[in-house]
Amino acid sequence: MKLNPDCMRDILISMENIPYQQQIVSDDLHKLLTGYSHDEIDYAILKMYEAGFVNAAIQKNVLGDTNITLIDITYHGHQFLADVQSDNIWNHIKTVSNKIGATSVNAFMQISTGVVSALIKNQLGI
């Protein structure tokens, strides 16, 4: 399955709006993020868990279904979200990603760092 960076970003934004110490199950995210399939959301959550962006409880039942409870966003996840939360910056990141053909999570992290650094330098007149 292909990882959808827009879905990852939208999950993180949704999670950021959840009160401290409140958890959310993936089924609730499916109701909030109707533009994505169940598989897209669950796959994005699993990959964000592997990347260290979220803490989650992941259980497979005997039928092979996966039950996911999102506990919180990690510090690493908050850092990434802070860089990509602005629609303007996110669109710029995606443009750069498409131009260079790099669409991995690592590439998005590096591009976001570069874009934000360039914007900071521009504002400082450096």
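Here is what the cut-offs are and how they apply
- Residues numbered from 1 in each chain as written.
- Predicted model: local features only at pLDDT ≥ 70, side-chain atom pairs only at ≥ 80, totals over all residues.
- Heavy atoms only, no water.
- Pairing = 2+ DSSP bridges.
- Helix = DSSP H or I, 4+ residues; strand = E, 2+ residues; numbered from the N terminus.
- Contact = heavy atoms within 4.5 Å.
- Axes fitted to C-alpha atoms, helices over the stretch in contact; angles between N-to-C directions.
- Core = buried A, V, L, I, M, F, W, Y, C linked by side-chain atoms within 4.5 Å.
- Buried < 20%, exposed > 50% of the residue type's maximum accessible area, 1.4 Å probe, protein only.
- 1 Å grid on protein atoms, 1.4 Å probe; cavity = no way out; pocket = protein on both sides within 12 Å on 5 of 7 lines; lining within 4 Å.
- Points joined across faces, edges and corners; volume = space filled by probe spheres on them.
- Nonpolar A, V, L, I, M, F, W, Y, C, P; charged D, E, K, R; others polar.
- Polar contact = N/O pair within 3.5 Å; in protein donor to acceptor, adjacent residues only side chain to side chain.

> I keep staring at the sheet that holds strand β2 (residues 54-60) and nothing clicks. Help me out?
Backbone-to-backbone hydrogen bonds join strands into a sheet, with any given pair of strands oriented parallel or antiparallel. Taken together, the three strands give an open sheet; going across it, the order is β1-β3-β2, and neighbouring strands pair in antiparallel fashion. Here the strands that pair on one side only, and so sit at the sheet edges, are β1 (24-25) and β2. As judged from the two bridges shared by β1 and strand β3 (residues 66-73), these two strands associate in the antiparallel manner. Bridged to I24 within β3 is L70. Docked against the sheet, helix α3 (residues 38-51) engages β2 and β3, running at close to 120° with respect to β2.

> Can you help me understand the nonpolar core in this one?
Nonpolar side chains tend to gather and get buried jointly when the protein is soluble and globular. Judged by nonpolar contacts, the single largest core of 31 residues is most densely connected at I11, L12, L29, I41, F53, L70 and I93. Broken down by secondary-structure element, the contributors of at least two residues to this core are α1 (5-16), α3, β2, β3, α4 (75-84), α5 (87-100) and α6 (105-124). Beyond its immediate stretch of four places on either side in the chain, L70 contacts I11, M15, Q23, I24, L29, I45, V54, N55 and A56.

> Even after reading the chapter, I still don't get empty space enclosed by the protein, so can you show me in this structure?
Where empty space is left in the structure can be found by rolling a water-sized probe over the atoms. Within the structure shown, the criterion is met by one cavity of 30 Å³ or more. Taken as a whole, the largest cavity encloses approximately 50 Å³ of empty space. Contributing to the lining of the largest cavity are L3, P5, M8, F80, T103, V105 and F108. Elements represented by at least two residues in the lining of the largest cavity include exactly α1 and α6. Here the lining of the largest cavity is composed, by residue class, of six nonpolar, one polar and no charged.

> Help me understand the environment of H30, please; the structure alone is not making it clear to me.
With respect to the helices, strands and loops of the structure, H30 is situated in helix α2 (residues 26-32). In this structure, the C-alpha to C-alpha distance between H30 and E40, residues 10 residues apart in sequence, is 9.6 Å. Sequence-distant contacts of H30, defined by excluding residues within four places in its chain, comprise H38, I41 and D42. Separated by 3.2 Å, the side chains of H30 and H38 make a polar contact.

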